[in-house]
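A closer look at the structure
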Amino acid sequence: MDKRNKAALHMTWVKRAKPVLFVLCLLPVAQLAYAAYRGSLGADPVETLTYATGDWTLRFLLITLAVTPLRYLTGIRSLVQLRRMLGLFAFFHVCLHFLVYVVFDQFFGWRLILEDILERRYIMVGMLGFMSLLPLAITSTDKMLKRLGGKRWRRLHRLAYFAGGCGVIHYLWLVKSDYREPLIYIVILAVLLGYRVVRSTKERRKLQTTSINTI
Amino acid sequence: MLIKRQDDIKPSEITNPSLYARRREFLKGGAALALGVALPVGSALGPAYGAAKLSPLTPSRFNTDEELTPYEAITTHNNFYEFGTDKESPAKLADSLRPRPWTVLVDGEVKRPREWDIEDILKQFPLEERIYRLRCVEAWSMVIPWVGISLASFIKAVEPNSNAKYVAFETLVDQEQMPGQRSNLFGFGLNWPYIEGLRIDEATNPLAILGVGLYGEVMPNQNGAPIRLVVPWKYGFKSIKSIVRISFVEQQPVNTWQVQAPREYGFYANVNPQVDHPRWSQGQERRIGDWLKRETLMFNGYGDQVAQLYSGMDLSKNF
Ligand code: HEM
């Protein structure tokens, strides 16, 4: 099979995978909703909801950031078509996470919320992560991509790494003695970011040498 | 009267069936042990939750009449790091704890240092039902019907001398029984043994008890079997579990969480809505079972009994 056919084949199966992935991505929330309906969210349902939505925000963020490396490693370029949906699921979960906090932890006490953000560094950095995901969600449409232009859009969307960084630091700072889970997430984020940095430096160098050669 | 109230509550109303089945399963394993427990009076296997009943129980004048937190919640939502750092692990893992035979070493500045057998403690001191609020530093709370003995009477019996300014408590250290002690979490975990302390006048306050059960039954392992401290005007971490040693000392003990994060946890740890914690605002709390929070009371609502212990002290410094 020649290269073009292969790419076309990938494109069709990525397209078909999309609705399947969409349903899969809904499973964590579906599971929570089902547990809530059955009354089996545990002794402290608010804690369960906060932890689950926080965990899934971070997981979706990291899965989203893994798409591009995976695309390079497998050569399946059309994987990029799944990235927006995954990123929006991260945003969806952080919205739920924040909603649980606003409704059940603070019951819309905006003054208390503001105090909490200013006084507690883990809340502050979580908020920073949330706020940096907001422009990404807004500019996630094709229209916005066109309006911004590919280069600017890509630069803006590097904020996803910043949000990931905020997310893992938020987690690290809220833990009291068991750092194992936040450390796992930090390592994954570092590997993903490291891969991109190394690759882009290599590419730049290659570009330089080829341009020298052509001279 | 109080005991009758428990009879009104059917276990099926409190405990969801699958958990109930799981507990039965768990108890089958521990049945030999449970039967071997020589309780002072009437050690029948209680029908309600399966654990051995404790009786007779004297009701206490300190009991709150607030709605009790269900048995299921009290026994599945535990901070007991010896069995893991999340709240579900203790209920799942604590069956490895062997609460019998059990001894408590009493030493230090006392006339009668002695290794107490848990059975002797249960025989010698009257059991009381104490329905107390429990307020965790993580801003959640419960109402728990403890069974316990007065700590003041216990202290009187061991006769501390005038050098005994503080009481230090220690939890069991045993990696085999307590899986949470196996890993030191890259050096960030708690130091074992878990240590807590009280000033002697705090320890002899009538509110302080050594808890040996809840809901009229023997203390479940995950709640600190067979014997634990209950000091309801302080954050939950002061109420040390599975005690193996009580020492009377001159110097103020350094408690485990104070070592872990001195900026966050102090020696006194009195419930105080005015003194914020770096992680949690302490002004409000979520009563387990509620969705929304309620106001936290000074000294967890026990100010009448304990406020005089701290008169003249700056509680924002002595947090
Ligand atoms: C990128 C944004 C965020 C991410 C990735 C994130 C992730 C997480 C994670 C992983 C946890 C711990 C879950 C566990 O222990 O299993 C958590 C807990 C929590 N998060 Fe977030 N979070 C974010 C933003 C926020 C924001 C904006 C707020 C509120 C303003 C917030 C409030 C909390 C609270 C209150 C907890 C529970 C802390 C505790 O009591 O232990 N988070 N979050």
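Scroll up to find the structure this text is about.
Let me begin by describing the structure that accompanies this report. Since the structure is predicted, the reported quantities are computational estimates derived from the model, not experimental observations.

A few words on the packing of aromatic side chains. Each aromatic ring pair is characterised by the separation of its centres together with the angle its planes make. Going through the model one piece at a time under the given rule, you end up with 26 aromatic pairs over all chains. A connected cluster of aromatic rings, assembled from ring pairs, spans A:Phe22, A:Trp56, A:Phe60, A:Phe89 and A:Phe92. For B:Arg114, the ring lying beneath its charged end belongs to B:Trp116, and the centroid distance is 3.8 Å.

With that settled, consider a positive patch on the surface. Residue and element names in this part refer to chain A. Residues Lys151, Arg154, Arg155, Arg158 and Arg204 make up a contiguous surface patch of positive charge. Counting residues per element, the positive patch draws most heavily on helix 7 (residues 150–156), which supplies 3 residues. Given the relative accessible area of 55%, Arg154 is considered exposed.

Moving on to the site of the ligand. Lining the immediate surroundings of the ligand are 21 residues, of which A:Tyr51, A:Asp55, A:His97, A:His170 and A:Leu174 lie closest. The environment around the ligand is built from residues contributed by chains A and B. The separation between an oxygen atom of the ligand and a polar side-chain atom of A:Asp55 is 3.0 Å. Within the residue set of the shell around the ligand, elements represented by two or more residues are helix 2 (45–74), helix 3 (83–105), helix 5 (121–138) and helix 8 (159–174) of chain A. For the shell around the ligand, the class distribution of residues is 12 nonpolar, 8 polar and 1 charged.

All names here are of chain A. Note on placement: Ile123 falls in helix 5. Ile123 gets classed as buried once you look at its relative accessible area, which sits at 10%. C-alpha separation for the pair Ile123 and Ile113, spaced 10 residues apart in sequence, amounts to 9.4 Å. Contacts of Ile123, omitting those with residues within four sequence positions, involve Tyr101, Asp116, Ile117 and His170.

Definitions and limits used
- Residues numbered from 1 in each chain as written.
- Chains lettered and ligands numbered in written order.
- Predicted model: local features only at pLDDT ≥ 70, side-chain atom pairs only at ≥ 80, totals over all residues.
- Heavy atoms only, no water.
- Phe/Tyr/Trp six-rings, centres within 6.5 Å; stacked < 30°, edge-to-face > 60°.
- Lys NZ or Arg CZ within 6 Å of the ring centre and 35° of its normal.
- Patch = residues over 30% accessible without salt bridge, like charges linked within 9 Å, V, L, I, M, F, W, Y side chains within 5 Å.
- Areas by Shrake-Rupley, 256 points an atom, 1.4 Å probe, with all protein chains shown as cover.
- Salt bridge = Lys/Arg side-chain N within 4 Å of Asp/Glu carboxyl O.
- Lys, Arg positive; Asp, Glu negative; His and termini not counted.
- Charge placed at Lys NZ, Arg CZ, Asp CG, Glu CD.
- Helix = DSSP H or I, 4+ residues; strand = E, 2+ residues; numbered from the N terminus.
- Buried < 20%, exposed > 50% of the residue type's maximum accessible area, 1.4 Å probe, protein only.
- Near = heavy atom within 4 Å.
- Polar contact = N/O pair within 3.5 Å; in protein donor to acceptor, adjacent residues only side chain to side chain.
- Nonpolar A, V, L, I, M, F, W, Y, C, P; charged D, E, K, R; others polar.
- Contact = heavy atoms within 4.5 Å.

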